[in-house]
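Coordinates in review
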Amino acid sequence: MTNHSDATEDHWRARIEENLQRASALRVRELFSEINPNLVGDKLFEKRWTAERKDAAVLVPLIRRPESLNVILTVRSPKMRSHAGQISFPGGKSDPDDKTPIETALREAHEEVNIAPENVDVIGSLGVHKGGLGFSVTPVVGIVSSEADLRPCPHEVDEIFEAPIDFVANLDNHILEERLLNGVPYKMFALPFGRFHIWGLTAGILRTFAETLQKEDAK
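Computed from a prediction, not measured in an experiment: that's the story for all the values here. Position numbers for residues start from 1 in each chain and track the written sequence from start to end. Only residues with pLDDT of at least 70 get local features here, since the model is predicted, and only at 80 or more are side-chain atom pairs given and counted; chain-wide, interface and lining totals rely on the full set of residues. Values shown for side chains rest on all heavy atoms present in the structure; no hydrogens or waters enter the calculation.

1. Describing the sheet that holds strand β12 (residues 196-199)
As a reminder of what qualifies: Note on pairing: DSSP must find at least two bridges between two strands before they are called paired. Runs of H or I in DSSP of at least four residues are treated as helices and runs of E of at least two as strands, each being numbered from the N terminus. For helices, the axis comes from a line fit to the C-alpha atoms of the stretch in contact; other axes are also lines fit to C-alpha atoms, and the angle between any two N-to-C directions lies between 0 and 180 degrees.
Pairing is antiparallel across the open sheet formed by three strands, whose spatial order is β10-β11-β12. Each of the sheet's edge strands pairs with one partner strand only, and the pair in question is β10 (175-181) and β12. Each adjacent strand pair in this sheet contributes to an overall mean axis angle of 45 degrees, direction not counted. In terms of strand pairing, β10 meets strand β11 (residues 184-193) through seven bridges, oriented antiparallel. Bridged to arginine 179 within β11 is tyrosine 186.

As structure tokens, this is what we get:
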């Protein structure tokens, strides 16, 4: 007999596999300029958002739990030199030895949260997401074995948490919020979840992923 968690995983997996082929899922997203067209070329933001691009990849890890398929996320260590304390996916910059973004995402996930590559069933990738501080990030979607021993690397990750895929898929949960840089307002993607405030590039990737989870392309 197929149990509820098996059926839930099969349902979402089938939808993701099909919808990752959509042009909307594979498109390159210039996240800052997309929601701040009035600030494109602004001297205050120009160097900050248009720095020389560094290739990176993250794993969007899905794991089956008794009542839900969940998305695994991390809280970065406050000791990190960049993005300290922010919420992110396991991932990072590409190494010269990485042949593909998938290799980068799997290597980084192993280093950061102890997910061994053999415990990830890669479904596919979303298009490149260009965020602040010069990163061009490829999100790689994969299902993690429920037997995986999730453990944070103490130097990089402060905490691991999970969000149900039903929550992520609900477009009403995704918002734009206004922030200030030297007194100039600009918009950022955000996805508040309990005591966790997901924002920036991670929230932008989750927004694309949420659109990919819809039965039809989001308007």
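There is more to say after this.
2. Concerning helix α5 (residues 101-113)
What counts is decided by this rule: Here a helix's expected span is defined as the number of its residues, less one, multiplied by 1.5 Å. Note on classification: 1.4 Å probe, protein chains only; a residue is buried when its accessible area is under 20% of the maximum for its type, exposed when over 50%, partly exposed between these limits. Contact definition: two residues touch when any of their heavy atoms are within 4.5 Å.
Here α5 is 13 residues long and its end C-alpha atoms lie 18 Å apart, about the 18 Å a rise of 1.5 Å per residue gives. All buried positions along α5 are accounted for by Thr104, Ala105, Leu106, Arg107, Glu108, Ala109, Glu112 and Val113. In the core, the buried residues of α5 are packed alongside β2 (54-65), β3 (68-76), β5 (91-93), β6 (120-125), β8 (135-144) and β9 (157-164). Two residues or fewer past α5, asparagine 114 is found with a positive phi of approximately 65 degrees.

3. Side note on the pattern of salt bridges
Let me state the cut-off plainly: We count a salt bridge whenever a side-chain nitrogen from Lys or Arg sits within 4 Å of a carboxyl oxygen from Asp or Glu.
Overall, the coordinates contain 16 salt bridges when judged by the stated rule. Linking arginine 65 and glutamate 162 is a salt bridge whose minimum nitrogen-to-oxygen distance equals 2.6 Å. Taken together, the residues arginine 65 in strand β2 and glutamate 162 in strand β9 connect sequence positions 97 residues apart. The partly exposed category is assigned to arginine 65, whose relative accessible area is 26%. Where salt bridges share partners, they join Asp95, Asp98, Arg107, Glu108 and Glu111 into one cluster.

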